[in-house]
Amino acid sequence: MSQRRPLIAGNWKMNKTLDESVAFAKELVEAVGSTPDVDVVIAPTTVTLHAVSQVIADSPIQLSAQNVHPQPSGAYTGEVSPAMLKAVGCTYAIVGHSERRQYFEESDAFIREKSDALRAEGVLPIVCIGESLEEREGGQTFSRVEAQLKAALEGLSAEEAKTLTIAYEPIWAIGTGKTATPAQAQEVHHFLRQQIATLVDQDTANSVRLLYGGSVKPSNVVALMQEDDIDGALVGGASLKVDSFRQLVHFQS
Ligand code: 13P
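Because the structure is a prediction, the values reported are computed rather than measured. The numbers attached to residues start from 1 for each chain and follow its sequence in the written order. Reporting in this predicted model follows two pLDDT cut-offs: at least 70 for local features of residues, and 80 or more for side-chain atom pairs to be given and counted; totals over whole chains, interfaces and linings ignore these cut-offs and use all residues. The side-chain figures draw on all heavy atoms in the structure; neither hydrogens nor water molecules are used.

A closer look at the environment of Arg136
Applied cut-off: In DSSP terms, a helix is any run of H or I states spanning at least four residues, a strand is any run of E spanning at least two, and both are numbered starting from the N terminus. The contact definition used throughout considers only heavy atoms, calling two residues in contact when any of these lie within 4.5 Å. Between N or O atoms, a polar contact is any pair within 3.5 Å; within protein, one atom must be a potential hydrogen donor and the other a potential acceptor, and residues adjacent in sequence are included only when both atoms are from side chains.
By the element assignment, Arg136 lies in helix H6 (residues 133-137). With 74 residues separating them along the chain, Arg136 and Gln62 place their C-alpha atoms 33 Å apart. Each residue touching Arg136, except ones within four places of it in the same chain, is listed here: Glu131, Thr141, Tyr168, Trp172, Gln184 and Val188. Side chain to side chain, Arg136 and Glu131 meet in a polar contact 2.7 Å long. Reaching out from Arg136, the side chain makes a polar contact with the side chain of Tyr168 at a distance of 3.3 Å.

This is the structure we're talking about:
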């Protein structure tokens, strides 16, 4: 287990209507309790952020968006700006999720713009990176994540880089039930931390949290979290049920 405070984040993706989100958030407030041993973040859909924000206001649960547009305002139909997310209470915003890279063809450069725009508003970016099955099988895992990480970090000061959380989500492990083994995840996380030391500095590498995502569930979270460079989890499916999210948040007890 690392020296960094663990962070367990639930990415609800395109699930739960307004009523369902509010009811679920109320259950989570109870389930998480007032003094969890970890930082707890939930990322509901954009249209429910405001309502969920009010439900979790007096709890330790923090709010994240699932996406953002880098422009501050203007003719970008269907999009939402960093300031808008900030105004509804988002502490974090996920950028560069593989589903957005795949289905919406988001590039490393566009994701970097989003992350810079969030930082300018004081919203903390959770930048997702990860290789496809094809890339893993072709021996390109490290070069792929290195390029994505470099695009996220290059040119940032140490202070700026420390606002980032990096989520390593191998695409082949997302929603497939096929988790990377703790050793596979640790190998990549260790590599990423070394890269952060090279791209920024060692102190920043020691402080940036690296989350693992991809079929994390109560039965595998403890083993993953025992690895030195795994500082938390970005959870999809298992974050949608109170019982499993409770167990994930309380994995230490
Ligand atoms: P699953 O936990 O459902 O595999 O999803 C992971 C993920 O994409 C979180 O962002």
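Anyway, onward from the coordinates.
Some details on the sheet that holds strand S3 (residues 62-65)
Convention followed: A pair of strands is considered paired only if DSSP assigns at least 2 bridges between the two. Axis lines are fitted through C-alpha atoms, for helices just across the contact stretch, and the angle between N-to-C directions can take any value from 0 to 180 degrees.
With parallel pairing, 8 strands are arranged side by side around a closed barrel as S1-S2-S3-S4-S5-S6-S7-S8. On average, adjacent strands in this sheet sit at an angle of 25° to one another, irrespective of strand direction. Sheet analysis places strand S5 (residues 124-129) next to strand S6 (residues 165-168), joined by 4 bridges and oriented parallel. Each bridged residue has a counterpart across the sheet, and for Cys128 the counterpart in S6 is Ala167. Against the sheet, helix H9 (residues 182-199) touches S5, S6 and strand S7 (209-213), its axis set at about 150° to S7.

Notes on the packing of helix H7 (residues 141-153) against H9
Convention followed: Angles below 35 degrees are treated as roughly parallel, those above 145 as roughly antiparallel, those between 65 and 115 as roughly perpendicular, and all remaining angles as oblique. Handedness of a helix crossing follows the sense of rotation of the near helix relative to the far helix, less than a right angle counterclockwise being left-handed and clockwise being right-handed. Residues are sorted three ways: Asp, Glu, Lys and Arg are charged, Ala, Val, Leu, Ile, Met, Phe, Trp, Tyr, Cys and Pro are nonpolar, and all the rest, Gly among them, are polar.
It is the contact of H7 with H9, at a shortest axis distance of 10 Å, that shows an interaxial angle of 40°. Comparing the axis directions of H7 and H9 gives the class oblique. Of the two possible hands of crossing, H7 and H9 adopt the one that is right-handed. Only Glu187, Val188, Phe191, Leu192, Gln195, Ile196 and Leu199 of H9 make contact with H7, whose side of the interface consists of Thr141, Phe142, Val145, Glu146, Leu149, Lys150 and Leu153. For the contact of H7 with H9, the residue count by class is 9 nonpolar, 2 polar and 3 charged.

Details of the site of the ligand
Put simply, the rule is: Nearness is defined per residue: one heavy atom within 4 Å of the molecule or strand is enough. Here, Shrake-Rupley sampling with a 1.4 Å probe gives the accessible areas, and only protein chains in the shown set may cover a residue.
Contacts to the ligand come from 13 residues, most closely from Lys13, His97, Gly175, Ser215 and Gly237. Gly236 has a polar backbone atom sitting 2.9 Å from an oxygen atom of the ligand. Calculation on the ligand without its partners gives an accessible area of 310 Å², and the protein chains cover 95% of this total.

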